[in-house]
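What the coordinates show
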Amino acid sequence: MQALLDHKQAGESIVFFGEGEQCSDGLEMLEKLGTEGYDVLVDGSLMDLETGGVGLAAARRALGSGCAAVLANKGPLVMAYDELASLGLGGRLRFSSTVCGGLPVVNVGSRDVGFAADVTRVTGVFNSTSNYVLKQMGEGNSFESALATAQELGIAEADPSKDIDGWDTACKLVIIVNSVMGIPAQLNQVDVCGIRDITPEMISQAAERGEVYKLVASAVATADGADLSVEPKAVPSDSFVGGISGWMMGVVIMSDLFEEMSLKIDETSVTPTAGAVLRDICHFGQAELSHKRIAAAAAAAAVQGE
């Protein structure tokens, strides 16, 4: 383990780590480990929105064998949320990093809001790449140059289409609706429009009105589900959503009990997202410690009662 840590701290990829046994993919690794070889699966594989990919297969295997799973990959949750949630009953499934990186949207929304109240509406800006591009366009840069800068900074992907065309935001919205609002939702239910058609002229005209363009995700609870959309909107510059600027991401959660709750994060690197994965892993350790404390207290009470 120390050798692996030294390898990563030197800036090297785990793909080129020479020690240990090489596996062709995550499934082969799980097969060799068996059910006794690990406690927590951490999935950071590439998102596959057609089949769920190796991430979904690995999550099914881990949860099905009684292990815990931490997902940083949105694909498995978008493709099979209900199935994975059922397999992970008892708190064995965590995925806070899949929505807005380090911002604990899922944790706060499901544990602190949705657990006690009916969440009626969720809206926000969930993708920092598109948000950064819009901000740069508002400062006079072209769409192409703003996107190229985001890629040079390492925030935007080499293929940024999912960010720019709204699908990354739509995936996050589906996860929120399922986990926070408790409403079954699938990706094909989301009306999606990206930011490619937003022009500098549109942004300039909005600024004259005191507005700013954002790629806004919205979910509104209805009698038979929820209305879901992702689209660029001109919103008041002095509003909460209007103030989610640059690399920021943020969410507004409306509920019958807690009314309006707003959260945002200024995430300029991948560190907060990595921290969210670590946070989820630590939750498992905390839960195990709590169980041990409860067991110890019960044993002590039984001894005192004898």
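Residues numbered from 1 in each chain as written. Predicted model: local features only at pLDDT ≥ 70, side-chain atom pairs only at ≥ 80, totals over all residues. Heavy atoms only, no water.

**What to know about the packing of aromatic side chains**
Counted only if it meets this: Between rings of Phe, Tyr and Trp, where Trp is taken as its six-membered ring, a pair exists when centres lie within 6.5 Å; planes separated by under 30 degrees are stacked, by over 60 edge-to-face, and by other angles tilted. Put simply, DSSP marks the helices as runs of H or I at least four residues long and the strands as runs of E at least two long, and each gets a number from the N terminus on. Relative accessibility thresholds used throughout: buried, under 20% of the residue-type maximum; exposed, over 50%; partly exposed, between the two (1.4 Å probe, protein chains only).
The full count for this structure, using the stated rule, is 2 aromatic pairs. Between tyrosine 81 and phenylalanine 95, the ring centres sit 6.0 Å apart and the planes meet at 90 degrees, which makes this aromatic pair edge-to-face. With tyrosine 81 in helix H4 (residues 74-87) and phenylalanine 95 in the loop between strand S3 (93-94) and helix H5 (105-113), this residue pair connects regions lying 14 residues apart in the sequence. Each member of the pair, tyrosine 81 as well as phenylalanine 95, carries the same accessibility label: buried. Measuring from ring centre to ring centre gives 4.1 Å for tyrosine 132 and tryptophan 247, while their planes differ by 5 degrees; the resulting arrangement is stacked.

**Description of unusual backbone geometry**
At cysteine 100, a position not held by glycine, the phi torsion is positive, near 60 degrees. The phi torsion at glutamate 259 lies on the positive side, around 55 degrees, for a residue other than glycine. Tracing the backbone shows glutamate 259 in strand S9 (residues 259-266).

**A few points about the sheet that holds strand S4 (residues 119-125)**
The cut-off we apply is this: A pair of strands is labelled paired if DSSP reports no fewer than 2 bridges between them. What counts as an axis is a line fitted to C-alpha atoms, over the stretch in contact for a helix, and the angles between N-to-C directions run from 0 to 180 degrees. By the convention used here, residues are in contact when the closest approach between their heavy atoms is within 4.5 Å.
Reading across the sheet, the 6 strands line up as S5-S7-S6-S4-S8-S9 and stay open at both edges, with mixed pairing between neighbours. Where the open sheet ends on each side, the last strands, each with one partner, are strand S5 (190-192) and S9. Taking the axes of each pair of neighbouring strands and ignoring which way they run, one obtains an average angle of 20 degrees across the sheet. Across 3 bridges, S5 lies against strand S7 (residues 225-236) in parallel orientation. Pairing of valine 192 across the sheet is with valine 230, part of S7. Contacts from H5 reach S4, strand S8 (248-255) and S9 within the one sheet, and its direction differs from that of S8 by about 15 degrees. Its contacts with the sheet put helix H6 (residues 128-138) on S4, strand S6 (211-222) and S8, and the angle it makes with S6 is roughly 145 degrees.

**Quick word on the sheet that holds S3**
Adjacent strands of a sheet form backbone hydrogen bonds with each other and so pair up, either parallel or antiparallel. Strand order in the open sheet formed by 3 strands is S1-S2-S3, with parallel pairing between adjacent strands. If you trace the sheet from one side to the other, it starts and ends with strand S1 (40-43) and S3, each paired once.

**Some details on the pairing of S7**
In terms of strand pairing, S6 meets S7 through 12 bridges, oriented antiparallel. Each residue of the ladder has a partner; that of alanine 221, found in S7, is alanine 226. A loop of 2 residues connects S6 with S7, the two strands running antiparallel in sequence.

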